[in-house]
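What follows is the residue order along each chain.
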Amino acid sequence: MASGGDLALTILGFLNERPMHGYELKTRLAALSGHLRPVSDGALYPAISRLEAAGLVERHEEAGAAAARRQVLTLTPAGREELLARLRTPSDLQISDQARFFVLLTFLSALPDPADRAAVLRRRLAFLEAPASFFYEGGRPVRAEEEADPYRRGMLLVARAISRAEKEWLRERLAESPADPG
């Protein structure tokens, strides 16, 4: 969760599932992508404060398991609307970056309209179907079979396998979804 937008989306998404205290939220964030992009207290708690100041999250005290009281975070109706808006209209970076797309995918089922979910999946599929590579020669993507360096070829082969699997899943999911009325 390298950007504040991704962190905000993740906070809103988890709080949409249920109210939780900051430590539980941090634990859920770490489980989702902490091994790739850890979230520090210095990023998490200011993000929560910004969402609270914007009226998207509320904080209240509850009795803790021990004597200490806990601050519990709850999504407001405005926070839910913000979450849905972010899910309906993700940025191009959220579509093209695999880690950011997976964060989006984590909460996509919160969108009540299947056509909205399908539109997001179609954008990702269109991105994956466009010719691309990590390496270019003469303005065209280098294919794994053309790459002499075994490590670069390995990158390309792994990326191709991941892309094929994801495209297959996206096509299956879209076949199960209703057509976009728009």
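My aim in this report is to walk through the structure given alongside it, one point at a time.

Parameters at a glance
- Residues numbered from 1 in each chain as written.
- Predicted model: local features only at pLDDT ≥ 70, side-chain atom pairs only at ≥ 80, totals over all residues.
- Heavy atoms only, no water.
- Core = buried A, V, L, I, M, F, W, Y, C linked by side-chain atoms within 4.5 Å.
- Buried < 20%, exposed > 50% of the residue type's maximum accessible area, 1.4 Å probe, protein only.
- Helix = DSSP H or I, 4+ residues; strand = E, 2+ residues; numbered from the N terminus.
- Contact = heavy atoms within 4.5 Å.
- Axes fitted to C-alpha atoms, helices over the stretch in contact; angles between N-to-C directions.
- Parallel < 35°, antiparallel > 145°, perpendicular 65-115°, else oblique.
- Left-handed = near helix turned anticlockwise from the far one by under 90°.
- Nonpolar A, V, L, I, M, F, W, Y, C, P; charged D, E, K, R; others polar.

Counting 37 residues, the largest nonpolar core has Ile11, Leu25, Leu44 and Leu87 as its most contacted members. Those elements that provide at least two residues to this core are α1 (4-17), α2 (22-34), α3 (41-53), β3 (69-75), α4 (77-88), α6 (98-107), α7 (114-129) and α8 (150-176). Broken down by element, this core gets its largest block of residues, seven residues, from α1. When residues no more than four places from it in sequence are discounted, the contact partners of Leu25 are Ile11, Phe14, Met20, Leu44, Ile48 and Leu73.

Between two packed helices, the angle of one axis relative to the other and the distance separating the axes together describe the packing. Contact geometry for α6 and α7: axes closest at 12 Å, N-to-C directions at 165 degrees. Comparing their axes, α7 and α6 come out roughly antiparallel. As α6 packs across α7, the resulting crossing turns out to be left-handed. Two secondary-structure elements touch here, α6 through Gln98, Phe101, Leu104 and Leu105 and α7 through Val120, Leu121 and Arg124. Residues that form the contact of α6 with α7 fall into these classes: five nonpolar, one polar and one charged.

Let us now look at the environment of Leu93. Take Leu93: it is sitting in helix α5 (residues 92-96). Sequence separation between Leu93 and Phe107 is 14 residues; the distance between their C-alpha atoms is 17 Å.

Right, let's get into the environment of Glu129. Within the secondary structure, Glu129 is located in helix α7. We classify Glu129 as partly exposed; its relative accessible area is 43%. Sequence separation between Glu129 and Lys167 is 38 residues; the distance between their C-alpha atoms is 8.0 Å. Apart from residues lying up to four places away in sequence, Glu129 is in contact with Lys167 and Arg171.

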